[in-house]
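Overview (structure and organization)
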Amino acid sequence: MFSNQNKGKIALISVHGDPAVEIGKEEAGGQNVYVRCCGEALAKQGWQVDLFTRKASPDQENIVVHSPNCRTIRLNAGPEAFIGRDDLFGYLPEFVESFKQFQEREGTLYPIIHTNYWLSSWVGMQLRKSQLLKLVHTYHSLGAIKYKSISTIPLVAKTRLEVEKACLETADCIVATSPQEEEHMRTYVSEKGNIKVIPCGTNIERFGSVRREAARDKLQLSPDDRVVLYVGRFDPRKGIETAVRAVSHLSSERKAQLKLMIAGGWTPGEKDGEERDRIGQLTQALGIENNVQFVGRLDHTVLPTYYAAADVCVVPSHYEPFGLVAIEAMACGTPVIASNVGGLKFTVIPEETGLLAPPKDDRAFAEAIDRILADPQWRSQLGEQARSRVEAKFSWDGVASQLGELYSDSIQQLTSEFFKHHFAG
Ligand code: UDP
C-alpha cells in the first residue's frame, strides 16, 4: 500500500554502491540492497526518495525509476568506468558539483541527506557547508575494524580514518545497524557524536514466500540430501574457506548426504574471480569437490527458494557490521550458523535461531553443522523461531518507519533552527 501523504524529500547518497545494479558480485552487496530497499520502503510511506550514485559505465541509464517516488540518479564523477572504492576519493569533488547541478536543474534542495559508506559521508559533509540540511550517515563498514584484519593497507587509509572520525563527531545522526556496531564506533572511532541504532531489514513477504518441500522439489533434492548454504560475495573476509574446511571435517556418513551450495557471482581476473579460484582449489585439495556446488550469482527472486531448501545457512564472515544474509535465511525459516562477530551476534540468537561459532574456527563450524543436521526436529524449531525473530524485528517497513521518524524529527529541528536564525531577536 502506498501512502498519499507527502512527508518530504530525501536524498540517499551511495557513491560506490549503486542501488540499481545486480547484487552479489564484487562491490555490490549489502550496501546496495540497503539503499534500494530503504528507499523503496520510505517511498511507500510517503517520502519522495532520490538515490544518488556514480555513473560507472556509458551503458547505464542516468535515471532509473524503481517505484512511484523512488528513483536512482547516476551522476558524473570521473570516467564512466568501474573504479574500485579505494581509488574513488579523488573524484568526490566532481560528485559534489554534479549533485549541486542536479539540484539546480530540478529546482530542489534536499533537507535530509542520508549518506552511505565513508566516501559518501565526505560528500555529505561538503554539501552541508553550502546548504541547509541535516546529515544522517550509515557506515556499512568501519576502516578502523577493516584495517585490523587485512595485510595490505590501501593508500587512502589515513584519509578514510580521518573522514570517518569527522563524520561521527559532526553528522546530525549516525545510524548504527546493530548495538555491536555502535560499540565499535565508540571504541575505535570516537566517543563524541550522536548515534541511533536502527537495524537493517529484509523483505519478509519475499523471503519466506516459498515452502521447504516446494523449494526442495524445485532444486531436485532428494529427502536424504542435506544442504548447507553460503550466500555472498567472493571475498576472503567472508570466510568461505571456513565453511569449506568445516565440511571437510564432517564424518564420511554425513558427507555422503551433504551438499555445500555456494551462491555468489564472480568475474574471472577480478578480485572475486581470484577468490573463487582459490576456494575451488581448496575443495580439490581437501577432496570434497563432489560436496561443493558453485551455483553462481542468484537474484532475490530465486534466493528464497535456495534459503528455504537449505537445512542450514552459514555466515562465516571474519567481521560483519550487520550481515543481511543471516536475516534473509532466517526469514525463510532456515537456521543460521554464523561467526560470533559484529551484527551477527545481534541477529542470530544461539540455541534459539541458530548457532554462533568463533570466526575462522572451522572445527567449531563443523561441530555446529553436525549438531543441527543430526536433529531435524530441532532444526525445524530453530527455523520457526528464526522466522518469528525477523518478523518482529527486521522488516524493511519497520526499519523505514524508524528512519522516517528520525528524518521527521530532523526536519522539525531544521525548521526551528532556520526560524531562530532568521527571525530571532
Ligand atoms: N546476494 C545476492 N545474490 C548473490 C549473493 C548475494 O543477491 O548471489 C545479496 C544477498 O542476498 C544480500 C547481499 O547480497 O542481500 C549481501 O549482503 P550482506 O550484508 O550479507 O553482505 P555484504 O555484501 O554487505 O558484505
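Keep in mind it's a predicted model, so treat the numbers as computed, not measured. (Residues numbered from 1 in each chain as written. Predicted model: local features only at pLDDT ≥ 70, side-chain atom pairs only at ≥ 80, totals over all residues. Heavy atoms only, no water.)

**Some thoughts on the sheet that holds strand S1 (residues 8-13)**
Quick reminder of the rule: Note on pairing: two strands pair once DSSP finds at least 2 bridges between them. What counts as a helix is a DSSP run of H or I of at least four residues, what counts as a strand is a run of E of at least two, and both are numbered from the N terminus. Orientation is described by lines fitted to C-alpha atoms, with helices fitted over the stretch in contact, and by angles between N-to-C directions that extend from 0 to 180 degrees.
In space, the eight strands of this open sheet follow the order S3-S4-S2-S1-S5-S6-S7-S8, with mixed pairing throughout. A strand with exactly one partner marks an edge of an open sheet, and here the two such strands are strand S3 (63-67) and strand S8 (195-197). Between one strand and the next, the sheet's axes are offset by a mean angle of 25°, whatever the strand orientation. With three bridges joining them, strand S6 (residues 134-138) and strand S7 (residues 173-176) adopt parallel strand pairing. In the strand pairing of S7, threonine 138 is matched with valine 175.

**Digging into the pairing of strand S4 (residues 70-75)**
Residues in a regular strand project their side chains so that they alternate between the two faces of the sheet. We count it as follows: Here's how the labels work: a residue is buried when its accessible area is under 20% of the maximum for its type, exposed when over 50%, partly exposed in between, all with a 1.4 Å probe on protein chains only.
Within S4, six of the six residues are buried, leaving the element largely enclosed by the surrounding structure. Residues Cys70, Thr72 and Arg74 of S4 are buried on one face, and the alternating residues Arg71, Ile73 and Leu75, pointing to the opposite face, are buried as well. Both strand S2 (residues 47-54) and S4 contribute to a ladder of six bridges, which runs parallel. When the bridges of S4 are listed, leucine 51 appears paired with threonine 72. As paired strands, S3 and S4 are joined by four bridges and run antiparallel to one another. Within the sheet, the bridge partner assigned to isoleucine 63 lies in S4 and is isoleucine 73. Where S3 folds back on S4, the antiparallel hairpin that results is connected by two residues, among which asparagine 69 adopts a positive phi of roughly 70°.

**Let's talk about the site of the ligand**
Put simply, the rule reads: Nearness is defined per residue: one heavy atom within 4 Å of the molecule or strand is enough. Residues adjacent in sequence count toward polar contacts only when both atoms are side-chain atoms; beyond that, a polar contact is any pair of N or O atoms within 3.5 Å, and within protein one must be able to donate a hydrogen and the other to accept it. Note on areas: these come from Shrake-Rupley sampling with a 1.4 Å probe, and a residue is covered only by the protein chains present in the view. Residue polarity is assigned by list, with Asp, Glu, Lys and Arg as charged and Ala, Val, Leu, Ile, Met, Phe, Trp, Tyr, Cys and Pro as nonpolar; anything else, Gly included, falls into the polar class. An automatic or database domain assignment provides the domain bounds reported here.
Close contacts around the ligand come from 21 residues, with Gly30, Arg233, Lys238, Leu298 and Glu328 the closest. Between arginine 233 and the ligand, the recorded distance is 2.8 Å, taken from a side-chain N or O atom to an oxygen atom. In this structure, leucine 324 approaches the ligand through a main-chain N or O atom, which is 2.9 Å from an oxygen atom. Summarising the interface, the protein chains cover 92% of the accessible area of the ligand, which totals 540 Å² for the free molecule. Sort the elements by how many residues they give to the shell around the ligand and helix H12 (residues 324-331) lands first, with three residues. Its residues assigned to classes, the shell around the ligand shows nine nonpolar, seven polar and five charged. Inspection of the shell around the ligand shows a minimum of three residues originating in each of domain 1 (8-201 + 395-423) and domain 2 (212-393).

**Focus: the domain arrangement of the chain**
As a reminder of what qualifies: The criterion used for residue contact is that any of the two residues' heavy atoms lie within 4.5 Å. Once two parts are put together, the accessible area they lose, assessed with a 1.4 Å probe and summed over both, is termed the buried area.
Along its sequence, the chain is carved into domain 1 (8-201 + 395-423) and domain 2 (212-393). Here the C-alpha centre of domain 2 lies 30 Å away from the C-alpha centre of domain 1. Facing the 28 residues of domain 1 at the interface are 22 residues of domain 2. Carbon and sulfur atoms make up 60% of the area that domain 1 and domain 2 hide from each other, which totals about 2,000 Å².

**Digging into the packing of aromatic side chains**
Definition in use: When the centres of two rings from Phe, Tyr and Trp lie within 6.5 Å, Trp using its six-membered ring, the rings pair. Their planes under 30 degrees apart give stacked, over 60 give edge-to-face, and anything left gives tilted.
Applying the stated rule across the entire model yields 14 aromatic pairs. A ring pair is formed by phenylalanine 52 and phenylalanine 102, whose centres lie 5.3 Å apart and whose planes are at 80°; its orientation type is edge-to-face. Taken as a pair, phenylalanine 52 in strand S2 and phenylalanine 102 in helix H2 (residues 92-106) lie far apart in primary sequence, 50 residues in all. This pair shows no difference in class: phenylalanine 52 is buried, exactly as phenylalanine 102 is. When the ring of phenylalanine 89 is compared with that of tryptophan 118, the centres are 5.6 Å apart and the planes differ by 25°; the resulting orientation is stacked. Here phenylalanine 89, found in the loop between S4 and H2, pairs with tryptophan 118, found in helix H3 (residues 117-130); they are 29 residues apart in sequence, far enough to count as distant.

**Re the side chain of asparagine 32**
By the element assignment, asparagine 32 lies in helix H1 (residues 30-44). Among the polar contacts listed, one links the side chain of asparagine 32 to the backbone oxygen of aspartate 18, at a separation of 2.8 Å. One polar contact links the side chain of asparagine 32 to the main-chain amide nitrogen of glycine 29, over a distance of 3.1 Å.

**Some remarks on the environment of glutamine 385**
By the secondary structure assignment, glutamine 385 is in helix H15 (residues 376-393). Each C-alpha atom of the pair glutamine 385 and valine 341 lies 21 Å from the other, and the pair is 44 residues apart in sequence. Glutamine 385 has contacts with Glu352 and Thr353, leaving out every residue within four places of it along the chain.

**Examining the UniProt feature "domain: Glycosyl transferase family" (unreviewed entry) in the chain**
This is how the line gets drawn: UniProt positions are given in the numbering used here, feature names are shortened, and annotations may be inferred rather than shown by experiment.
UniProt records the feature "domain: Glycosyl transferase family" (unreviewed entry) at residues 212-388, using the numbering of this structure. Secondary structure over residues 212-388 splits into 46% helix and 16% strand, and the C-alpha atoms at its two ends are 16 Å apart.

**Quick word on the UniProt feature "domain: Glycosyltransferase subfamily 4-like N-terminal" (unreviewed entry) in the chain**
The positions UniProt marks with the feature "domain: Glycosyltransferase subfamily 4-like N-terminal" (unreviewed entry) are residues 29-201. Helix makes up 43% of residues 29-201 and strand 21%, and the two end C-alpha atoms of the span are 14 Å apart.

**Thoughts on the sheet that holds strand S9 (residues 226-231)**
A sheet is described by the order of its strands in space; here six strands give the open sequence S11-S10-S9-S12-S13-S14, paired in parallel fashion. A single partner strand is all that each edge strand has here, and the edge strands are strand S11 (292-296) and strand S14 (354-357). The average undirected angle you get between the axes of adjacent strands in this sheet is 20°. Here helix H8 (residues 240-249) sits on the sheet and contacts S9, strand S10 (258-263) and strand S12 (312-315); the angle it forms with S10, its principal contact strand, is near 170°.

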